[in-house]
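Fold and contact review
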Amino acid sequence: MTSIYIMLAYAKAAAPPKPVLATAIAELRRRGYEVLIGVAETQAIRPERLAVAADLYVLKSHSSLWLALSAVLHAQGARILNPYPACSEVMNKVLATWRLAAAGVPTPRTWVTGDLARLSAAGAIPPLVLKPNLGGRGVGVRVLHDKRDLDGATATDGMLVQEFVPGDPRLVKLYGLGDEVFGVRRDADGTRRQLAVRPGLAELARRCARAFGLALYGVDVIDGDAGPTVIDVNYFPSYTGVPRAGERLAEFIAAYANGRSLGPNGSHRHLAGGSRSDPATTVSQDGDRIRRHASRPSTATVDSARTVSTRRGDRRATVSSRRRTRRRRGPAEGGRRSRRRHRR
Ligand SMILES: Nc1ncnc2c1ncn2[C@@H]1O[C@H](COP(=O)(O)OP(=O)(O)O)[C@@H](O)[C@H]1O
Ligand SMILES: [Mg+2]
């Protein structure tokens, strides 16, 4: 049975995955995939023992913890959707600025400095937007409307400054699955409605995805009078407002799990397809022991309250006895086994 491990974001209030993801998970299970779900923040994972166990990892979370653990799995040749390098690069807004510009994508002019007093000499005049390099969900993003705002602001390490792009404040969200691009308009009150995406805008989104090697991507655009400007690119967005989003996601993930190389025009830098992973490969994490053998039923444990409601049955009852069994057997040999896998 092909196993898919979903690296899920931590939510303080234990809540089931959002409807789109919950539908995708249910649909994947209906199709016979073994779907495991994990929240890194609720486990005690030992990186030095982390090894590849699932046939496919799906990086849904944008937490630095899951991103770092993805790096460990990637180093061992795990198949990750989206590929780790693509996720890592798109999270770095300084690098993303360069990548997008190099790909010919219209982006706001951007400056990086630790001393905002240097901006005006460099041609950066308010209105400006100050944002953290490694950020998300708009946290720490500030508009500097005028010189007074600028004089009163300080840039902490890792901030970047962008020219403020005027335009329709109701952001257009572009959601991509491979070559397919959907548009959603977010109104001021938060309502989302589907938007017909003109071909130029869809191509722009695909170009953004190709720049990083993303297969599941979201592109934030300000579609102003002067044409569209890309403000932000994200991996694995919410897809909220996309019709049949859960089913489409399941379809895409299933195809990818089966080894199909998917991406805009099939030309992604990091989406080289690759072989299915060795089903006997072991993942072991002392403490949580996410572990799996092809020859035995799955012993994977997913330590998350969110998991229970989304899994078929409740496996938690069986976890402790399995753990005891494994401890008697001694440390898992996941690291050694996984080294058989080639690096891509
Ligand atoms: N250069 C800009 N011009 C106008 N508005 C911007 C600009 N940059 C960001 N914003 C606004 O701030 C929001 C968050 O910025 P974004 O770059 O997407 O950061 P995050 O990664 O935190 O989502 C955007 O959705 C947009 O509304
Ligand atoms: Mg954003």
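Residues numbered from 1 in each chain as written. Chains lettered and ligands numbered in written order. Predicted model: local features only at pLDDT ≥ 70, side-chain atom pairs only at ≥ 80, totals over all residues.

The predicted model of the protein chain averages 79 in pLDDT, with 74% of residues at 70 or higher. Here residues 263-344 is a poorly scored stretch, pLDDT under 50, and it has 149 contacts once near neighbours within four places are set aside; other chains count. (pLDDT = per-residue confidence, 0-100. Contact = placed C-beta atoms within 7 Å.)

Here we come to the sheet that holds strand β1 (residues 3-7). The parallel open sheet is built from four strands, whose spatial order is β2-β1-β3-β4. Edge strands, defined here as strands with exactly one partner in the open sheet, are β2 (34-38) and β4 (80-81). Pairing of β1 with β2 involves five bridges; the strand directions are parallel. The residue bridging Y5 from the neighbouring strand is L36, located in β2. (Pairing = 2+ DSSP bridges. Helix = DSSP H or I, 4+ residues; strand = E, 2+ residues; numbered from the N terminus.)

Now for the packing of helix α2 (residues 64-75) against helix α3 (residues 84-91). α3 packs onto α2 with a crossing angle of 150 degrees between their chain directions and a minimal axis gap of 9 Å. When you trace α2 past α3, the crossing you get is left-handed. Across from L67, S70, A71 and H74 in α2, the residues of α3 making contact are Y84, C87, S88 and M91. Split into classes, the residues belonging to the contact of α2 with α3 amount to five nonpolar, three polar and no charged. (Axes fitted to C-alpha atoms, helices over the stretch in contact; angles between N-to-C directions. Left-handed = near helix turned anticlockwise from the far one by under 90°. Nonpolar A, V, L, I, M, F, W, Y, C, P; charged D, E, K, R; others polar.)

Right, let's talk about the site of ligand 1 for a bit. Neighbouring ligand 1 are 16 residues; P108, G138, Q162, V165 and D232 lie closest to it. Contributions of two or more residues to the shell around ligand 1 are made by β6 (128-132) and β13 (227-235). Taken domain by domain, the makeup of the shell around ligand 1 includes at least three residues from each of domain 2 (109-163) and domain 3 (168-243). (Near = placed C-beta within 6 Å. Domains from an automatic or database assignment.)

A few words on helix α4 (residues 93-102). Along an α-helix, a turn takes 3.6 residues, which lines up residues three or four apart on a common side. Of all the residues in α4, the buried ones are K93, A96, T97, R99 and L100. Where α4 is buried, its residues meet α3, β5 (110-112), β6, β8 (159-163), α6 (199-212) and β13. Phi turns positive, to about 80 degrees, at G104, one or two residues after α4. (Buried ≥ 20, exposed ≤ 12 C-beta atoms within 10 Å, placed from the backbone.)

Moving on, we get to the sheet that holds β6. The four strands lie next to each other as β5-β8-β6-β7, forming an open sheet whose pairing is antiparallel. Looking at strand neighbours, the two that pair on one side only are β5 and β7 (142-144), the edges of this open sheet. On average, adjacent strands in this sheet sit at an angle of 25 degrees to one another, irrespective of strand direction. Note that β6 and β8 share five bridges and pair antiparallel. Along β8, the bridge assignment pairs L128 with E163.

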